[in-house]
Amino acid sequence: MRLYLLIVLVFSLAACEENAPDIPPLGPQEVGERRILIEEFTGVRCPNCPDGSAEIENLVALYGDALVPISIHSSGNFAIPLPDSKYDFRTETGDQLLDFLGQPRGYPAAVVNRTLPEGEPSLQQGQAAWAGLIERAVAEEPIVAINLSIDFDEAVRELSVTARVVPSQTIDESLRLSVMLVEDHVVDPQITQDGIIDEYDHRHVFRAMLTNTEGNPLGDSFSAGKTVPFDESFSLPDAWVAANCEVVAFVHKVGENKDILQVTTAHL
Amino acid sequence: MGSATLGLAQENGGSLSGSLQAQAKFFQTDTLIGAFGTPQYDHELYGADSWLDLNYNNWGFDFGIRFDVFNNSNLLNPQSSYTDQGIGRWYVHKKVDKLDISGGYLYDQVGSGIIFRAYQERPLLIDNALYGVRLAYDINPDWQIKGFTGKQKRQFDTYDAIIKGGSIEGFYADTTGRFTIAPGFGAVARTFDDETVSQVVSAISTYTPVDSIGANYNTYSFTLYNTLTMGNFSWYVEGAFKSAETMFNPFIEKSNWNGTTSRGKLINQAGNIIYTSLSYAGNGLGITIEGKRNENMGYRTTPFATLNEGTINFLPPMSRINTYRLTARYAVAAQELGEQAVQLDVSYAPSRKLRFNANLSVIDDLDGNKLYRELFTEVTYKYKRKWQLTGGLQLQNYNQEVYEGKPGVPFVNTVTPYAEYLYKFDRRRSLRFEGQYMNTKQDFGSWLFGLAEFSIAPTWTFTISDMYNVDPKKTEKAIHYPRFDIYYTHKANRFSLSYVKQVEGVVCSGGVCRLEPAFSGVQFGVSSTF
């Protein structure tokens, strides 16, 4: 009797061979219309973060321009400059973004397209989840387009940004536009798992927002094809290398659902 | 935390009982000790956690419900703020003849918990209750079989994975009375939901061919265990196996599409664990020797869960659970990806007045790299009922790089002598002193800790303590971390009021640990049973 029960117990759990999921290899992707934003939260004292950054570069190699990375140096004590740091990458806006998007439980951490993964309580996700979230988001059709143009006057370092948001269908909910400025390839020390690297290549460093932290309101309802304008100017600090700067603009929802609908970029 | 008891009358044969546990924290920024930068310090200034349990028994049924409140709480994520409230638990239980039926949010385990443990650790806000149904049947007075199925609780929601399993446990006493055995066998299966598998597939499909792996919906685990008791000896042994599971290994190298490598990728591997404990107790002598080896024994509801989230099983810690402030400063959690460990504990009491205790822990990773060493000694001398003196020495080698995820930091080597003196003025009033000195050249450097506690039993306790960084390695100035506590107990109500400056450190509860940031502020606690 006992043996019989034991056998029933074991076989009820393990008798059936499952059909394992098929995993097709992907390889580098063609750039589609939909572009995805990944906001990485990092810090120069965060030893695990460079592995997260390397994973993001790997995903950029895979998705090309469809993936738009931003590294926001806001991670509490991890973001405090090192003794030999030339720069302080921290910004008040970056800290506000961390509050707005939520604190991660650990680092590396990033928010993919500000979409709450199904069943998850937080936008902030660990490194293991990023690829899957990007792969699924990039397959969606965009419902807005952003025509972004910039004009940079090198003499006075004045940047003018013009964005035209064009919905491709009727949208009956509030949308916002966020415009960020990032600087790529900033060389400065970083703690890694292998110690301090003095000439670490910091990629896609978040520098400033040209809109409110939570985005500028675009309206509450939109007709297909009706353009919503945005114009702003910004004085680029002398310390930033203009040739490495990029403007990132994205349209997103507001409130509990913060989904980003489309992203676009323009180099200075 | 504090406590109060009020026995409610039984009416119509039923009884209502319950408990309240609540704490409020008032946060005061202290940049000197690193207590800043979270929403609580920045603008919330206040946080609270509360659990109100009610249990009712009648008509052969047991009913229970628990109301949980978290307001700007830092328990879930010490770096963040968590606010929510609602029914944290409910359950119904009924025994029908030999059949035991439970439904709702259930706490249970199989064997020692190494393949399944649904439990709660409030200080770390771990609540892994199984939201489902459990049936147990008494085959005879000595043998029981049980089965369960459900989902794991996640705050006020559940994870989507299905967990099901069962066990058969028994007891046999030799007719001559020479030995008894308590054998058991358990099996647990976890099935990922479609959404999780879809995410896993999407993630793996982005890997380069060299890193590409398969994935499974189902992971099965089996455990076999037994306790043999013979005379003064008791021997527990448990061995478990887990089939291939998709999990994230943050330490393993991954090849990238741009030709670089980084650390961290999903793996799909089987796991195993063997744990044994042999004890002797008699003639004032107690000896326990434990051994454990585990490999890939993380078992989670989703491979994307991090830290203490979504753990289905529990791996027993293989080090002494220390209680003094400095001897407990460097505590270790079991490494689910792999570790091998032995622990020896010897206690000897030649008389009622005198007791000796020594404990040795040796923990390595599976490649033989040192993770932790601890030698702990203690001598206690009691003089009648008047006073008691306890003293000893602790030596530690602590792999801070692994246990706290701080790459590149050196091993922390500590030497910590300590002493405690308890003097009883009379039956009610007593005075207790603690003194500890931790000598270390690593991490924060050396520490001195002193505590004085005056008690008027059973009502009042006043405690004052200070932890002083005598040889600071991380700050320019030596910093004091004072603490003042007042505890008031009246019947079954216990109140506490504390002013706390607490250094960053690892906090462990029930063998589960996490790194906690520094704390500065005031805490108020209430606990009550009724």
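Criteria and cut-off values
Residues numbered from 1 in each chain as written. Chains lettered and ligands numbered in written order. Predicted model: local features only at pLDDT ≥ 70, side-chain atom pairs only at ≥ 80, totals over all residues. Helix = DSSP H or I, 4+ residues; strand = E, 2+ residues; numbered from the N terminus. Buried ≥ 20, exposed ≤ 12 C-beta atoms within 10 Å, placed from the backbone. Pairing = 2+ DSSP bridges. Core = buried A, V, L, I, M, F, W, Y, C linked by C-beta atoms within 7 Å. Contact = placed C-beta atoms within 7 Å.

Scanning chain A from N- to C-terminus turns up four helices and 14 strands. Projecting the C-alpha coordinates of chain A onto the three principal axes gives extents of approximately 90 × 55 × 35 Å. A total of 268 residues make up chain A; the buried ones form 44% of that total.

With that settled, consider the pairing of strand E2 (residues 46-58) of chain B. Residue and element names in this part refer to chain B. As paired elements, strand E1 (residues 15-27) and E2 share 12 bridges and run antiparallel to each other. The partner of Ser-15 across the bridge, within E2, is Asn-57. The pairing of E2 with strand E3 (residues 61-73) spans 11 bridges and is classified as antiparallel. Residue pairing for E3: Trp-51 is matched across the bridge by Asp-68. Linking E2 to E3, which pair antiparallel, is a turn of two residues; within it Trp-59 sits at a positive phi near 50°.

So, about unusual backbone geometry. Each neighbour pair has its own omega, and for Tyr107(A) with Pro108(A) the value is 5°, a cis peptide bond. Here Pro108(A) shows up in the loop between helix H3 (92-101) and strand E3 (109-112). Of the consecutive residues Ala457(B) and Pro458(B), the connecting peptide bond is found in the cis state with omega at 0°. In this structure, Pro458(B) sits in the loop between strand E26 (445-456) and strand E27 (460-472). Here the phi dihedral of Leu125(B) falls at roughly 50°; this positive angle occurs in a residue that is not glycine. Along the polypeptide, Leu125(B) turns up in the loop between strand E8 (120-121) and strand E9 (126-127). Taking the C-beta count within 10 Å as the criterion, Leu125(B) has 20 such neighbours and is therefore assigned buried. Positive phi values are uncommon outside glycine, yet Lys491(B) reaches one of about 50°. Locating Lys491(B) in the fold gives a position in the loop between strand E28 (480-490) and strand E29 (493-502). For Lys491(B), a count of 13 C-beta atoms within 10 Å gives the class partly exposed.

Soluble, globular proteins show a tendency: their nonpolar side chains are buried together. By size, the foremost hydrophobic cluster in this structure holds 106 residues, and its most contacted members are Ile36(A) and Ile134(A). The dominant element in this core, judged by the number of residues it contributes, is helix H4 (residues 127-137) of chain A, at seven residues. Ile134(A) has contacts with Ile36(A), Ile38(A), Leu59(A), Tyr63(A), Leu67(A) and Val112(A), leaving out every residue within four places of it along the chain. In terms of nonpolar packing, the next biggest core, distinct from the first, is built from 15 residues, Phe27(B), Tyr324(B), Trp447(B) and Val503(B) among them.

For the rest of this paragraph, the subject is the environment of Trp130(A). All names here are of chain A. Structurally, the position occupied by Trp-130 is in helix H4. Taking the C-beta count within 10 Å as the criterion, Trp-130 has 26 such neighbours and is therefore assigned buried. Here the alpha-carbon distance between Trp-130 and Val-111, two residues 19 residues apart in the chain, equals 8.2 Å. Ignoring sequence-local partners within four residues, the contact set of Trp-130 consists of Ile-38, Glu-55, Leu-59, Ala-110, Val-112 and Gln-125.

This paragraph deals with the pairing of strand E25 (residues 429-438) of chain B. Residue and element names in this part refer to chain B. Both strand E24 (residues 412-424) and E25 contribute to a ladder of seven bridges, which runs antiparallel. Looking across to E25, one finds that Tyr-418 is bridged to Gln-436. What sits between the antiparallel neighbours E24 and E25 is a turn of four residues. Here E25 runs beside E26; their pairing, made up of 10 bridges, is antiparallel. Its bridge partner being in E26, Arg-429 is matched across the sheet by Ile-456. Between E25 and E26, which pair antiparallel in sequence order, lie six residues; one of them, Asp-443, sits at a positive phi of approximately 50°.

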